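# Results of the structural survey
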Amino acid sequence: MRRGPDVLLARRAGTGYADGLLHMPSGHAEDGEDVREAMIREAAEEIGVALDPDEVRVALVMRHRGPGGGARMGWFFVAEYDADHPPRNAEPEKCSELDWFPLDALPDDMVAYCRAGLDGYRAGEHFMIHWHEDGDPVAHRPDGPRRAVALPPATSSCGCPTSRVRSAGGDGC
């Protein structure tokens, strides 16, 4: 969730994974759900915000692996803050705080792949890999190993990035 230059982060608690670290409100898709439906459901469950499908945009897709864990596909979505429907901590048993942080000055005490995804989003990336090695910390470490790799998007038949073609109305550069 964005509020101008800020992004909403949640401090994990009582989950057994990355407790004490900041992470974006997130979750897993359930059987039969597509990724957008899962994101809308998780936003309602975790931060009490009811989003319309038209309000969410894909920011970044990341294939990631936690240390010693299995690989996952992470979809990072953006939804804009609505002052009439502010987020709240709807899962206090899993989250000890919600707060806004400047996207251009994120805190260090974050889950590493989440931080890498937000850094990539801020840099204009759309596709990334973040592959932990066994023994890497779950937490972001400013002086730690860099595991994030940006993947370039496809180009159109004219050689322009596909995002430029879409913004030009789809009829070329």
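A brief look at the structure comes next. What you see as residue numbers is a count from 1 along each chain, following the sequence as written. The model is predicted, so local features are restricted to residues of pLDDT at least 70 and side-chain atom pairs to those at 80 or more, both for listing and for counting; the totals for chains, interfaces and linings are taken over all residues. The basis for every side-chain value is the complete set of non-hydrogen atoms in the structure, without hydrogens or water.

### Considering a negative patch on the surface
Using the following cut-off: Two joining distances apply to patches: 9 Å for like charges and 5 Å for nonpolar side chains (Val, Leu, Ile, Met, Phe, Trp, Tyr), and every residue must have over 30% relative accessible area and no salt bridge. Per-residue and other accessible areas follow the Shrake-Rupley method at a 1.4 Å probe size, with only the shown protein chains counted as cover for residues. A carboxyl oxygen of Asp or Glu within 4 Å of a side-chain nitrogen of Lys or Arg is what we treat as a salt bridge. This count recognises Lys and Arg as positive and Asp and Glu as negative, with His and chain-terminal groups excluded. Where a charge sits is defined by one atom per residue type, namely NZ (Lys), CZ (Arg), CG (Asp) or CD (Glu). Numbering of helices and strands starts at the N terminus; helices are DSSP runs of H or I of at least 4 residues and strands are runs of E of at least 2.
The grouping of Asp-52, Asp-54, Glu-55, Asp-82 and Asp-84 at the surface amounts to a negative patch. Along the chain, the position of Glu-55 falls in the loop between helix 1 (35-47) and strand 4 (57-65).

### Quick word on the pattern of salt bridges
What counts here: The cut-offs for exposure are 20% and 50% of the maximum accessible area for each residue type, with area from a 1.4 Å probe on protein chains only; residues under the lower value are buried, those over the upper are exposed, and the others partly exposed.
Tallied over the entire structure, the rule returns 12 salt bridges. One salt bridge connects Glu-33 with Arg-41, and the closest N-O pair in it is separated by 2.6 Å. Note on Arg-41: relative accessible area 16%, which makes it buried. Here Glu-45 ties to Arg-41 by a salt bridge, and the two come within 3.2 Å at their closest N and O atoms. Of this pair, Glu-45 and Arg-41 are both found in helix 1, four residues apart, which corresponds to roughly one turn of the helix.

### Side note on unusual backbone geometry
We note that Ala-18 has phi near 60°; this positive angle belongs to a residue other than glycine. With respect to the helices and strands, the residue Ala-18 is situated in the loop between strand 2 (6-12) and strand 3 (22-23).

### Quick look at the side chain of Asp-136
Where we set the bar: Here a polar contact is taken to be a pair of N or O atoms separated by no more than 3.5 Å, where protein atoms must pair a possible hydrogen donor with a possible acceptor and residues adjacent in sequence count only if both atoms sit in side chains. By definition in these notes, contact holds between two residues if any of their heavy atoms fall within 4.5 Å.
Locating Asp-136 in the fold gives a position in the loop between strand 7 (127-131) and strand 8 (148-150). Look at Asp-136 and you get buried, because its relative accessible area is 12%. Within polar-contact distance, the side chain of Asp-136 engages the backbone nitrogen of Glu-133 at 2.9 Å. Beyond its immediate sequence surroundings of up to four residues, Asp-136 is in contact with Pro-67, Pro-145 and Arg-147.

### Some words on the sheet that holds strand 4
This is how it is decided: Here, a strand pair is defined by DSSP locating no fewer than two bridges between the strands. Structural elements are reduced to axes, namely lines fitted to C-alpha atoms, with helices fitted over the stretch in contact, and the angle between N-to-C directions of any two is expressed from 0 to 180 degrees.
Taken in spatial order, the four strands of this open sheet run 5-4-7-8, and their pairing is mixed. Unpaired on one side and paired on the other, strand 5 (71-78) and strand 8 mark the two borders of the sheet. Here the average twist between neighbouring strands, direction ignored, is 25°. Of the pairings in the sheet, the one linking strand 7 to strand 8 comprises three bridges and is antiparallel in character. Paired with His-130 across the bridge in strand 8 is Ala-148. Against the sheet, helix 2 (residues 112-122) engages strand 4, strand 5, strand 7 and strand 8, with an angle of about 140° to strand 4.

### Overview of the environment of Tyr-81
Locating Tyr-81 in the fold gives a position in the loop between strand 5 and strand 6 (95-102). Sequence-wise, Tyr-81 and Val-49 are 32 residues apart; in three dimensions their C-alpha atoms are separated by 9.5 Å. Contact partners of Tyr-81, with chain neighbours within four places excluded, come to Met-1, Arg-2, Arg-3, Pro-86, Pro-87 and Trp-100.

### Some thoughts on helix 2
Residues lying three or four places apart along an α-helix face the same way, a consequence of the helix completing one turn every 3.6 residues. Across the 11 residues that make up helix 2, a large majority, eight, are buried. All buried positions along helix 2 are accounted for by Ala-112, Tyr-113, Cys-114, Arg-115, Ala-116, Gly-117, Leu-118 and Gly-120. Residues of helix 2 that are buried in the fold lie against strand 2, strand 3, strand 4, strand 5, strand 7 and strand 8. Looking one or two places after helix 2, you find Gly-124, whose phi comes out positive at around 85°.

### Focus on the nonpolar core
Going by this rule: In plain words, nonpolar cores are sets of buried Ala, Val, Leu, Ile, Met, Phe, Trp, Tyr and Cys residues tied together by side-chain atoms within 4.5 Å.
Among the nonpolar cores identified, the biggest contains 22 residues, and Leu-9, Met-62, Phe-76, Leu-106, Met-110 and Leu-118 are the most heavily contacted of them. If you list the elements that add at least two residues to this core, you get strand 2, strand 4, strand 5 and helix 2. With four residues, helix 2 is the single largest residue contributor to this core. Those residues in contact with Leu-106 that sit more than four places away from it in its chain are Val-7, Leu-9, Arg-115, Leu-118, Asp-119 and Arg-122. Counting residues in each nonpolar core, the second largest holds 12 residues, with Leu-8, Ile-40, Val-56 and Trp-100 among its members.

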